[in-house]
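Listed below, chain by chain, are the residues.
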Amino acid sequence: AAKSMGRSCYRFYKDDMNSSAVELLKMEEELREALVENQLELHYQPLVNSSDGALAGLEALVRWNHPERGMISPGEFIPVAEQTGQIIDLTAWVMKEAIKDCKIWEQAGFADFKISINISALEFNHDDLASHVTDLFDEVDFNKHRVQLELTESAIMTDAQANIKKLSELCDLGVTLAVDDFGTGYSSLSYLRQFPINVLKIDRSFVMGIGTENGNAIVDAITSLAKALHLGLVAEGVETKEQMDYLVASGCDTLQGFYLSRPVPAKSIIGLLTKPFEI
Ligand code: C2E
Ligand code: MG
Ligand code: MG
Ligand code: MG
């Protein structure tokens with residue numbers, strides 16, 4: 001019985017593998033089409049100054065408007081794009097599109113905020129990231145000082161020693177470097193100090209903990225750490241007034257989350273640029 005059970009388990013496992021491999025192939029093919037046929041679109045979420053409610057930045061968040069499945073979130077297709085290597089083309093598309101949008105807002109008189117782009121771990125590990133970014137900027141003619149790249153903590157802490165050089169190359173381009181999802185990976189404080197980074201983004205899971213004794217203590221600790229290292233601090237996932245008030249009181253520079261604004265399509269941004277947010 002054990003033997004036949006073993007065999008049927010094996011068969012089940014194998015079928016499962018096949019179907020996921022087929023799914024992967026299918027999505028790879030569809031994603032290729034999506035890039036060519038303009039099915040991807042960017043939404044933007046405001047990053048807001050906690051001192052005066054001014055817009056500090058917009059984070060570009062990609063969505064896939066699939067012809068049959070409707071809007072697909074990046075959590076579903078970014079991992080596929082990483083596995084297939086399509087992330088390189090996807091990121092190039094995101095950067096060009098975001099800069100195109102920024103130029104439109106610039107022409108309307110709004111140039112006083114940063115544009116934040118997510119860089120996946122796989123892309124960060126690519127040897128030529130800095131030269132990719134350089135080529136891209138040569139092509140689009142845009143002020144690099146207005147660009148913030150978001151790198152996840154786990155991406156930069158894996159092989160940290162080698163990443164000092166990598167981050168320095170990016171930093172030398174004049175872009176701002178932010179550590180995304182901070183607190184969810186395993187940071188070495190000694191590397192954090194050596195890295196030429198500018199901003200920490202406290203992960204949403206810690207913002208959710210605000211209001212409990214331990215939750216508050218963790219946020220306070222991250223706030224102190226950012227201050228001690230002279231880094232800017234963004235809190236992501238701010239959903240309530242209570243969370244916002246706590247973060248403002250504890251000295252967090254910048255707030256981002258549904259309480260201030262959900263990510264919105266490019267065409268709806270102008271309305272958010274004309275007046276400060278209420279803090
Ligand atoms: P992330 O960079 O940490 O982005 C924040 C995510 O949290 C976004 O989800 C955003 O919509 C969501 N969010 C913001 N405020 C709140 C809030 O108050 N409550 C809740 N529950 N969620 C909030 P989204 O757009 O689904 O993106 C998920 C992840 O996908 C991003 O996490 C990022 O890692 C990745 N991603 C998105 N766009 C891109 C892209 O263009 N390139 C790459 N490489 N990754 C991307
Ligand atoms: Mg991000
Ligand atoms: Mg994040
Ligand atoms: Mg996050």
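Up top you'll find the structure we're talking about.
Below, the structure is looked at part by part. On a predicted model such as this, the values are computed, not experimentally measured, just so you know.

### Re the layout of surface pockets
Next, step 1: In this structure, the largest pocket occupies an estimated 810 Å³ of space.
Next, step 2: In terms of lining, the largest pocket is formed by 32 residues, of which the most central are Glu59, Leu61, Pro74, Asn118 and Asp180.
Next, step 3: Breaking the lining of the largest pocket down by element, the ones donating at least two residues are strand S2 (55-66), helix H2 (74-84), helix H3 (87-107), strand S4 (114-119), strand S5 (147-152) and strand S6 (176-182).
Next, step 4: Of the residues forming the lining of the largest pocket, the biggest block, five residues, is contributed by S2.
Next, step 5: Here the residues of the lining of the largest pocket sort into 13 nonpolar, nine polar and 10 charged.

### Things to note about unusual backbone geometry
Next, step 1: If you check the backbone angles, Asp181 has positive phi at about 55 degrees while not being a glycine.
Next, step 2: Residue Asp181 is classed as partly exposed on the basis of its relative accessible area of 26%.
Next, step 3: In this structure, His230 takes a positive phi of about 55 degrees despite not being glycine.
Next, step 4: Structurally, His230 is set in the loop between helix H10 (213-228) and strand S8 (232-235).
Next, step 5: Given the relative accessible area of 72%, His230 is considered exposed.

### What about the coordination of the magnesium ion (ligand 3)?
Next, step 1: Distances from the magnesium ion (ligand 3) to its protein donors, Asp180 (OD), Asp181 (OD), Glu236 (OE) and Glu236 (OE), fall within 2.0 to 2.6 Å.
Next, step 2: Sequence positions of the donors to the magnesium ion (ligand 3) reduce to the motif D-D-x54-E.
Next, step 3: The magnesium ion (ligand 2) is placed at 3.7 Å from the magnesium ion (ligand 3), the two being bridged by Asp180.

### Notes on the pattern of salt bridges
Next, step 1: All chains considered together, the criterion is met by 11 salt bridges.
Next, step 2: Ionic pairing is found between Glu76 and Arg69, a salt bridge with its closest N-O pair at 2.5 Å.
Next, step 3: Taking the relative accessible area as the measure of exposure, Glu76 reaches 38% and is therefore partly exposed.
Next, step 4: Accessibility expressed as a relative area gives 44% for Arg69, which makes it partly exposed.
Next, step 5: Glu97 is the partner of Lys100 in a salt bridge, and the nearest nitrogen-oxygen pair spans 3.3 Å. Of the two residues, Lys100 and Glu97 are both situated in helix H3; the distance of three residues between them amounts to about one turn of the helix.
Next, step 6: The network of salt bridges with shared partners includes Glu59, Glu150, Lys201 and Glu236.

### Focus: the packing of aromatic side chains
Next, step 1: Tallied over the entire structure, the rule returns four aromatic pairs.
Next, step 2: Measuring from centroid to centroid gives 5.6 Å for Trp64 and Phe77, while their planes differ by 85 degrees, and the two rings are edge-to-face. Remark: Phe77 occurs in helix H2 and Trp64 occurs in strand S2; sequence separation between them is 13 residues. Comparing Trp64 with Phe77, the two get one shared label, buried.
Next, step 3: Between the aromatic rings of Trp105 and Phe113, the centroid separation amounts to 6.3 Å while the plane-to-plane angle is 50 degrees, which identifies the pairing as tilted. Like Trp105, the residue Phe113 is buried in the burial classification.
Next, step 4: Through successive ring pairs, a cluster of aromatic residues spans Tyr44, Trp105 and Phe113.
Next, step 5: The ring of Phe258 has Arg262 sitting right over it, with the charged end atom 3.9 Å from the ring centre.

Thresholds, definitions, all that
- Numbers given for residues are sequential positions, taken from 1 along each chain in its written order.
- Ligands are numbered from 1 and chains lettered from A, in the order in which they are written.
- Under the rules for a predicted model, residues below a pLDDT of 70 receive no local features and side-chain atom pairs below 80 are neither given nor counted, while totals for whole chains, interfaces and linings still include all residues.
- Here the side-chain values reflect all heavy atoms present in the structure, with hydrogen atoms and water set aside.
- Here the term cavity refers to a set of points on a 1 Å grid, laid over the protein atoms alone, in which a 1.4 Å probe fits but cannot get out; the term pocket refers to an open set having protein on both sides within 12 Å along at least five of seven lines, with lining residues being those that place an atom within 4 Å of a point.
- Grid points are joined across faces, edges and corners, and a volume is the space filled by probe spheres set on the points.
- By the criteria applied, helices consist of DSSP H or I runs no shorter than four residues and strands consist of E runs no shorter than two, each listed in order from the N terminus.
- Note on residue classes: Ala, Val, Leu, Ile, Met, Phe, Trp, Tyr, Cys and Pro are nonpolar, Asp, Glu, Lys and Arg are charged, and everything else, Gly too, is polar.
- In this scheme, a residue with accessible area under 20% of its type's maximum is buried, one over 50% is exposed, and one in between is partly exposed, where area comes from a 1.4 Å probe on protein chains only.
- The rule for donors is simple: an N, O or S atom within 2.8 Å of the metal counts, and for Na, K and Ca the reach is 3.2 Å. Water is not among the atoms, so a site may look short of donors.
- When a carboxyl oxygen of Asp or Glu is within 4 Å of a side-chain nitrogen of Lys or Arg, the pair counts as a salt bridge.
- Between rings of Phe, Tyr and Trp, where Trp is taken as its six-membered ring, a pair exists when centres lie within 6.5 Å; planes separated by under 30 degrees are stacked, by over 60 edge-to-face, and by other angles tilted.
- Counting as a charge over the ring demands two things of the Lys NZ or Arg CZ atom: a distance within 6 Å of the ring centre and an angle within 35 degrees of the ring normal.

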